[in-house]
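Descriptive analysis of the structure
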Amino acid sequence: MAASPLRRRFAALLAEADVRLDGDRPWDLQVRDERLFARVLATGSLGFGEAYMDGWWDAAQLDVLLARLLKAGLDRRVRGIGDLWLALRATLINAQAGRRAYRVGERHYDLGNDLYRAMLGRRLVYSCGYWREAADLDAAQEAKLDLVCRKLGLQPGMRVLDIGCGWGEALKFAAERYGVRGVGITVSREQAAFARELCAGLPIEIRLQDYRELDERFDRVFSIGMFEHVGVRNYRRYFEMVRRCLPADGLTVLHTIGTNVSTNRTDPWIDRYIFPNSMLPSAAQIAAASEGLFVLEDWHNFGTDYDRTLQAWRDNIEAAWHTLPARYDERFRRMWRYYLHASMAMFRVRHAQLWQVVLSPEGVPGGYVAPR
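Attention in this report is confined to the structure presented alongside it. Throughout this description, residue numbers start from 1 for each chain and increase along the sequence as written. At least 70 in pLDDT is required for a residue's local features to be given in this predicted model, at least 80 for side-chain atom pairs to be given and counted, and no such filter applies to totals for whole chains, interfaces and linings, which use all residues. Water and hydrogen atoms play no part in the side-chain values, which are based on all heavy atoms of the structure.

Another point: the side chain of Thr186. Tracing the backbone shows Thr186 in strand β4 (residues 181-186). Relative accessibility decides the category of a residue: with a 1.4 Å probe and only protein chains considered, values under 20% of the type maximum give buried, values over 50% give exposed, and everything between is partly exposed. The buried category is assigned to Thr186, whose relative accessible area is 4%. Of note is the side chain of Thr186, whose polar atom sits 2.9 Å from the side chain of Gln191. Secondary structure follows DSSP: runs of H or I at least 4 residues long count as helices, runs of E at least 2 residues long count as strands, and numbering of each begins at the N terminus. Identification of polar contacts relies on pairs of N or O atoms within 3.5 Å, with a donor-acceptor requirement for protein atoms, meaning one able to donate a hydrogen and the other able to accept it, and with residues adjacent in sequence counted only if both atoms are side-chain atoms.

Shown next as structure tokens:
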């Protein structure tokens, strides 16, 4: 029986990435439902991810398949209505303003601490580990937290602000290892409740608060994995807030995923299912937003470490699914699996980076020596 025109067109696109339909290599795409072709060609990455969630296709090595598609640029060749809607929305509204700033907390970070406990390891740290000398996930996360503390030059008694404090692990680490006191803010109720319990007995205050509301003095400010939710319309306001909170001799560390090309929106599948209203900054956007407010002291890229971090998270969650509640059903598991593997692929092909940027209000006298 002859293949349909849509199947032939789909197969021709995949061939550009050396991927075959129903082939015998582990990265080949196995078709489970012939409606896949029309869906993806009409709706692009949104339909491709949704079709995986619905069980319409599989691949033994999902991360390798997705990396091949990205390397071949097929994500830019096949676009759907979701891309057009996000482009229009970006011109009309500030998607991260007001109550919308809390949406990612409600939709993603409040999913359940049981899910994140199963995936993230001994510490609930939901950002890239630092694998320079680490042999496992827990060591990589501890190395990352210590790296941030060393870059900030933390000293006992300093007052520190953690913007997007997650479950409180970074502030707890800084208080116990470096003797600081601090404030952590988050837009997730679940994270805030957990962080207050985790940091009980330490000189740490956890707040459910939008960063734009802050206007008080800290010796040091850091943000780990939060800037991806700020949005290009708010980048300048973020840096203005940090500047007004720091003294002339202060320091701030920005730990963020970054992208190679400036944009004003994210992938439509990621926006709908994982991180609503998220956006990856480019180096140009960070530099422009901080210009005139800060001296750029150091820019450290260890994005390839994120692939290894994601693989560890993947291994943890795959081993733990059978222990988790039934609300994490098969469609949720496929969604989560696709999210982790697509993220691995992005970092593996170097379309996404992981940056730690150190900034000072007026420049460090004599120059800043960057720890590694």
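Working convention: axes come from line fits to C-alpha atoms, limited for helices to the stretch in contact. Angles between N-to-C directions cover 0 to 180 degrees. At a minimum axis separation of 8 Å, helix α3 (residues 62-71) and helix α15 (residues 330-348) run at an interaxial angle of 50°. Considering their axes alone, α3 and α15 lie oblique with respect to each other. Every pair of crossing elements has a handedness; the one defined by α3 and α15 is right-handed. Note on element contacts: α15 touches α3 through Arg337, Tyr338, His341, Ala342, Met344, Ala345, Met346 and Arg348, opposite Leu62, Asp63, Val64, Leu66, Ala67 and Leu70. Residues are grouped as follows: Ala, Val, Leu, Ile, Met, Phe, Trp, Tyr, Cys and Pro are nonpolar; Asp, Glu, Lys and Arg are charged; every other residue, Gly included, is polar. Across the contact of α3 with α15, the residue classes tally to 10 nonpolar, one polar and three charged. In what follows, roughly perpendicular refers to angles from 65 to 115 degrees, roughly parallel to angles under 35, roughly antiparallel to angles over 145, and oblique to any angle outside these ranges. Note on convention: near helix rotated counterclockwise from far helix by under a right angle means a left-handed crossing. Clockwise means right-handed. Any two residues having at least one pair of non-hydrogen atoms within 4.5 Å are treated as being in contact.

The next subject is the side chain of Glu297. Topologically, Glu297 is positioned in strand β8 (residues 295-301). For the purpose of counting charges, residues Lys and Arg are taken to be positive, whereas Asp and Glu are taken to be negative. His and the chain ends are not included. By salt bridge we mean one thing: a side-chain nitrogen of Lys or Arg within 4 Å of a carboxyl oxygen of Asp or Glu. No salt bridge is formed by the buried Glu297; its nearest oppositely charged neighbour, Arg220, is found at 11 Å. Residues within four places of Glu297 in sequence aside, it is in contact with Val358, Leu359, Ser360, Gly363, Val364 and Tyr368.

All chains considered together, the criterion is met by 30 salt bridges. In this structure, the salt-bridge partner of Arg122 is Glu142, at a minimum N-O distance of 3.6 Å. Of this pair, Arg122 sits in the loop between α7 (113-120) and α8 (137-152) while Glu142 sits in helix α8, and the two are 20 residues apart along the sequence. Of the residues examined, Arg122 reaches a relative accessible area of 56% and is grouped as exposed. Overall, the relative accessible area of 25% leaves Glu142 in the partly exposed class. Here Glu216 ties to Arg207 by a salt bridge, and the two come within 2.9 Å at their closest N and O atoms. For Glu216, a relative accessible area of 24% puts it in the partly exposed group. Classification of Arg207 as buried rests on a relative accessible area of 16%. One continuous salt-bridge network, built from bridges that share partners, spans Arg39, Glu50, Asp54, Arg272 and Arg331.

This part takes up the pairing of strand β7 (residues 251-259). Within β7, nine of the nine residues are buried, which leaves the element mostly enclosed by the surrounding structure. At least two bridges found by DSSP between two strands are what make those strands a pair. Pairing between strand β6 (residues 220-224) and β7: five bridges, direction parallel. Paired with Val221 across the two strands is Thr252, which belongs to β7. Read from β6 through helix α11 (residues 235-245) to β7, the crossover connection turns out right-handed. Where β7 lies against strand β9 (residues 352-360), eight bridges are found, and the strand directions are antiparallel. Bridging from a neighbouring strand, Ile257 pairs with Leu354 of β9. Seen with its strands pointing away from the viewer, a crossover is right-handed when the path leading from the first strand over the helix to the second is clockwise.

Let's shift gears to helix α14 (residues 304-320). Here α14 is 17 residues long and its end C-alpha atoms lie 25 Å apart, about the 24 Å a rise of 1.5 Å per residue gives. Within the span of α14, buried status applies to Asp305, Tyr306, Asp307, Thr309, Leu310, Ala312, Trp313, Arg314, Ile317 and Ala320. What a helix should span is 1.5 Å times the count of its residues minus one.

On their own, these measurements won't tell you what the molecule is for.
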